[in-house]
Amino acid sequence: MTNIYSTLKHNHWYRNCIINSTMADKNKKVYFCPKCGPFIKVLKELWTCSSEGPYKIEFIHHINKNAEVVDEVEIKSRPEGEKVEYSYCGKCNQLIGKEENMKWTNDIIQMELNQ
Ligand SMILES: [Zn+2]
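Every value quoted in this text rests on a predicted model; they were computed, and no experiment measured them.

Trainee: Got a minute to help me understand the coordination of the zinc ion in this structure?
Mentor: Tetrahedral coordination by four donors sets the ideal angle at the metal to 109.5 degrees; octahedral coordination by six donors sets it to 90 or 180 degrees. In this structure, Cys33 (SG), Cys36 (SG), Cys89 (SG) and Cys92 (SG) serve as the protein donors to the zinc ion, at separations of 2.2 to 2.4 Å. If you look at the zinc ion, its four donor atoms make angles of 100 to 115 degrees with each other, and the shape they trace is tetrahedral. Judged by relative accessible area, which is 0%, Cys33 ranks as buried.

In structure tokens:
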């Protein structure tokens, strides 16, 4: 692990729970935390299946209700292998989901928005 990674690990951004979802507008991407709701800040780790740690960290904010990467930290060059992503809520620090959960989280967001 690099020093950057150790630092980030103790950052308040880290260990957050997020779910990734698309809204009705397919161009917009929304992260949703079951505890904190949609449109929270996100920290995303990018791994590959063969890497022993993330090769990149992305910081995501919602701008006009669309998730956008506002900053990124490259830890090392991308290793071989299929990309794996872990997203964390910037508020409560739990890992709550990744892209595969897109369909059911979309339903949850709709419920949330209709309340
Ligand atoms: Zn949260």
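Trainee: Mind showing me how you'd approach the pattern of salt bridges here?
Mentor: Taken as a whole, this structure holds four salt bridges when the rule is applied. Here Lys44 makes a salt bridge to Glu85, at a shortest N to O gap of 3.1 Å. Placement of the pair is Lys44 in strand β4 (residues 42–48) and Glu85 in strand β7 (residues 83–89), with a sequence separation of 41 residues. For the residue pair Lys44 and Glu85, the accessibility class agrees, reading buried in each case. With a shortest N-O distance of 3.5 Å, Glu72 and Lys56 are connected by a salt bridge. Residue Glu72 is located in strand β6 (residues 66–74), and its partner Lys56 is located in strand β5 (residues 56–63); the two are separated by 16 residues in the primary sequence. The exposure class assigned to Glu72 is partly exposed, which follows from its relative accessible area of 41%. By sharing partners, the salt bridges in this structure join Lys44, Lys83 and Glu85 into a single network.

Trainee: Honestly, unusual backbone geometry in this entry has me stumped. Any pointers?
Mentor: Excluding glycine, a negative phi dihedral is what most residues carry, and trans is how most peptide bonds are arranged. Residue Phe39 is not a glycine yet carries a positive backbone phi of 65 degrees. With respect to the element layout, Phe39 can be found in the loop between β3 (37–38) and β4. Positioned with a positive phi, Asn93 is a non-glycine residue whose angle comes to about 65 degrees. For Asn93, a relative accessible area of 29% corresponds to the partly exposed category.

Trainee: Hey, could you run me through the side chain of Glu85 in this one?
Mentor: Using a relative accessible area of 13% as the deciding quantity, one classes Glu85 as buried. Among the polar contacts listed, one links the side chain of Glu85 to the side chain of Lys83, at a separation of 3.2 Å.

Parameters at a glance
- Residues numbered from 1 in each chain as written.
- Predicted model: local features only at pLDDT ≥ 70, side-chain atom pairs only at ≥ 80, totals over all residues.
- Heavy atoms only, no water.
- Donors = N, O, S within 2.8 Å, 3.2 Å for Na, K, Ca; no water.
- Tetrahedral: all angles 85-135°; square planar, octahedral: opposite > 155°, others 65-115°.
- Buried < 20%, exposed > 50% of the residue type's maximum accessible area, 1.4 Å probe, protein only.
- Salt bridge = Lys/Arg side-chain N within 4 Å of Asp/Glu carboxyl O.
- Helix = DSSP H or I, 4+ residues; strand = E, 2+ residues; numbered from the N terminus.
- Polar contact = N/O pair within 3.5 Å; in protein donor to acceptor, adjacent residues only side chain to side chain.

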